[in-house]
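Each chain, letter by letter, is given below.
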Amino acid sequence: MLLSQYTKEFGKNFSIAYPIIAGQVAHLLVALADNIMVGKLGAAALASVSLGNTLIFIALSIGIGFSFAITPLVAEADGKRDINAVKSILQNGMLLCIVNGLLLVILLLLAEPILYKMDQPVEVVELAIPYMRVVAFSLIPLMFFQALKQFSDGLSLTRFAMYATLIANVINIGVNYLLIYGEYGFPRLEVVGAAYGTLISRLLMALLLFLLLLKDNKTRYYFTRTILLSKKKMVSLLNIGLPTALQMFFEVSLFTAAIFLSGVLGTNVQAANQIALNLSAITFMVGVGLSVTATIRVGNQLGSRDHTELIRIARSIFLMALILDVAFAMAFYFGRDLLPQVYIDDPDVIVIASSMLIVAAIFQVSDGIQVVVLGALRGLQDVWVPSLICFVAYACIGFPIAYYFGSADLLGGVGIWIGLLSGLTISAILMYVRFRILSSRLLSC
């Protein structure tokens, strides 16, 4: 097939992906602002945000994983033009996400003692605990937001979540500035101030998205009072949501382990690790946008049963991701000495972060490809085999390598990132092989 058959889809791919990317990058820019503002308080404060977010990220990965089940089911129903099915998926998905949010808050509060048992610097743990408590409660409005976002994404209406996210996150930066430093008469809460900024912004974000969908002519019907709760739809959501949550859990757990392992090496290594993770997360959000695009477009074609078109569109998204990932890899490599200086002035932390960014540059391609192919598999509602792939790649390969080479006697922080690279590379290869297998099956039907 000619290359033009793939590149001609770039425009439509981008039109769906860019609001998702913008919204996700906005989240991370706020995290960047948090890290910069907290970083001015010192390496211990920056490391405490990193540590406090470890359990938050694990909980969040589970909750968001369940919410991701909404998108492929809505996209398939939309491809079939089944309006009532879309409404039922929305209602069941909202119920599932809100219950998940409540449960995750309880689990996080019960899990606080774990931080004291992870061999982390005491000063970092004491700052991280109150930060984590406040952010934990923000998961309830965030999960409500996620249900609405995944629903609108499934309808290819990705702009609404972007608008809500951008507005809320701009406010978040302002609140952070006031509460971290105690400006204009506000209390100086330092690290906890950043947590309150997150809570306030997530409440606002959920409210804004709900109002936007409620007032739009294309989506207001789905919010009428007719109740379409369905055991069958809930089971479908759980059948996709549970393995998707496991996928995200395995991946996030590997990166969380990297935070703990870096903490064992000292505050400077942990702060450098946080810088490298934050920068990598920004480029990863582009992959997330294309991944959701793959889920939406593949799900639509699955609903219309056009398998040849499904494969062509999926490949166009893979190619688009590969081009962007190569560009990101070059930016990381050539900017490895300058980028850490945005976060912190400590020369020791900058040197460590620079060495980590060399490895981060290499895994840009692996990270981008694995998440985009995973999105396509999710559009096919193939979730259990990818969950097994994630377990093997991250738990059985990535973590042992990070643990072994990340010791102070070997490669230290760089060794931890080599483990991350190994897990992502294995995942990317196996995910693509899985997609090729399923593609062959579809064409033979």
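Residues numbered from 1 in each chain as written. Predicted model: local features only at pLDDT ≥ 70, side-chain atom pairs only at ≥ 80, totals over all residues. Heavy atoms only, no water.

For the protein chain, the name recorded in an unreviewed UniProt entry is Multidrug-efflux transporter, with Nonlabens ponticola as its organism.

Q: Before we move on, can you summarise the environment of Trp417 with the specific residues and values?
A: Within the secondary structure, Trp417 is located in helix α16 (residues 413-444). Considered as a pair, Trp417 and Leu357 are 60 residues apart in the sequence and their alpha carbons are 8.8 Å apart. Beyond its immediate stretch of four places on either side in the chain, Trp417 contacts Asn273, Ala276, Leu277, Ser280, Met356, Val359, Ala360 and Phe363. Looking at Trp417, its side chain comes within polar contact range of the side chain of Asn273, at 2.8 Å. (Helix = DSSP H or I, 4+ residues; strand = E, 2+ residues; numbered from the N terminus. Contact = heavy atoms within 4.5 Å. Polar contact = N/O pair within 3.5 Å; in protein donor to acceptor, adjacent residues only side chain to side chain.)

Q: Can you lay out the packing of aromatic side chains for me, pointing to particular residues and giving the numbers?
A: Applying the stated rule across the entire model yields 15 aromatic pairs. The interplanar angle of 75 degrees and the centroid separation of 5.4 Å between the aromatic rings of Phe151 and Tyr222 together place this pair among those described as edge-to-face. Note that Phe151 is positioned in helix α7 (residues 139-154) and Tyr222 in the loop between α9 (191-215) and α10 (231-264), a separation of 71 residues in sequence. Both residues of the pair, Phe151 and Tyr222, belong to the buried class. Each ring, one from Phe210 and one from Phe223, has its centre 5.8 Å from the other, and the planes form 85 degrees; the classification is edge-to-face. Of this pair, Phe210 sits in helix α9 while Phe223 sits in the loop between α9 and α10, and the two are 13 residues apart along the sequence. According to the relative accessible area criterion, Phe210 is partly exposed, its value standing at 25%. It is Lys87 that lies over the ring of Tyr221; its NZ or CZ is 5.0 Å from the centre. Lying over the aromatic face of Phe160, Arg159 brings its terminal NZ or CZ to 5.6 Å of the ring centre. (Phe/Tyr/Trp six-rings, centres within 6.5 Å; stacked < 30°, edge-to-face > 60°. Buried < 20%, exposed > 50% of the residue type's maximum accessible area, 1.4 Å probe, protein only. Lys NZ or Arg CZ within 6 Å of the ring centre and 35° of its normal.)

Q: Explain unusual backbone geometry to me, using residue names and the numbers behind them.
A: If a residue is not glycine, its phi is most likely negative; likewise, a peptide bond is most likely trans. The backbone of Ser156 sits at a positive phi, close to 65 degrees, despite the residue not being glycine. Within the secondary structure layout, Ser156 lies in the loop between α7 and α8 (159-181). A positive phi is found at Gln381, a non-glycine position, where the angle reads about 60 degrees. Assignment of secondary structure puts Gln381 in the loop between α14 (364-379) and α15 (384-405).

Q: Before we move on, can you summarise the side chain of Thr158 with the specific residues and values?
A: Considering the arrangement of structural elements, one finds Thr158 in the loop between α7 and α8. In this structure the side chain of Thr158 is engaged in a polar contact, spanning 3.0 Å, whose partner is the backbone oxygen of Ile16. Beyond its immediate stretch of four places on either side in the chain, Thr158 contacts Ser15, Ile16, Pro19, Ile20, Ser152, Asp153 and Ile296.

Q: Just give me the short version of the pattern of salt bridges, but keep the residues and values in it.
A: Here the structure, examined in full by the defined rule, presents seven salt bridges. One salt bridge connects Glu76 with Lys80, and the closest N-O pair in it is separated by 3.5 Å. The salt bridge involving Lys149 is made with Asp153; its shortest N-O contact spans 2.7 Å. Taken together, the positions of Lys149 and Asp153, both in helix α7 and four residues apart, correspond to about one turn of that helix. When sorted by exposure, Lys149 lands in the same class as Asp153, which is buried. (Salt bridge = Lys/Arg side-chain N within 4 Å of Asp/Glu carboxyl O.)

Q: An account of α14 is needed here, citing residue identities and associated values.
A: Note that an α-helix has 3.6 residues per turn; residues three or four places apart therefore point the same way. With 16 residues, α14 extends 23 Å between its outermost C-alpha atoms, agreeing within 8% with the 22 Å of an ideal straight helix rising 1.5 Å per residue. Counting buried residues in α14 gives 15 out of 16 residues, a clear majority hidden from the surface. Immediately downstream of α14, the backbone of Gln381 shows phi near 60 degrees, a positive value. (Expected span 1.5 Å × (residues − 1).)

Q: Describe a nonpolar patch on the surface, with residues and values.
A: A surface patch of nonpolar side chains, about 790 Å² in accessible area, is lined by Leu95, Val99, Leu103, Ile106, Leu107, Leu110, Ile227 and Leu229. Of note, Leu103 is situated in helix α5 (residues 83-110). You can call Leu103 partly exposed: its relative accessible area is 47%. (Patch = residues over 30% accessible without salt bridge, like charges linked within 9 Å, V, L, I, M, F, W, Y side chains within 5 Å. Areas by Shrake-Rupley, 256 points an atom, 1.4 Å probe, with all protein chains shown as cover.)

Q: Break down the domain arrangement of the protein chain for me, with residues and values.
A: Domain boundaries in the protein chain define domain 1 (19-229) and domain 2 (243-444). The C-alpha-based centres of domain 1 and domain 2 are spaced at 21 Å. If you look at the interface, domain 1 gives 45 residues, while domain 2 gives 36 residues. Carbon and sulfur atoms make up 71% of the surface buried where domain 1 meets domain 2, a total of about 3600 Å² over both sides. Applying the counting rule to domain 1 against domain 2 returns zero salt bridges. Per element, the largest residue contribution to the side of domain 1 that touches domain 2 is 14 residues, and it comes from helix α3 (residues 43-67). (Domains from an automatic or database assignment. Buried area = accessible area lost by both parts, 1.4 Å probe.)

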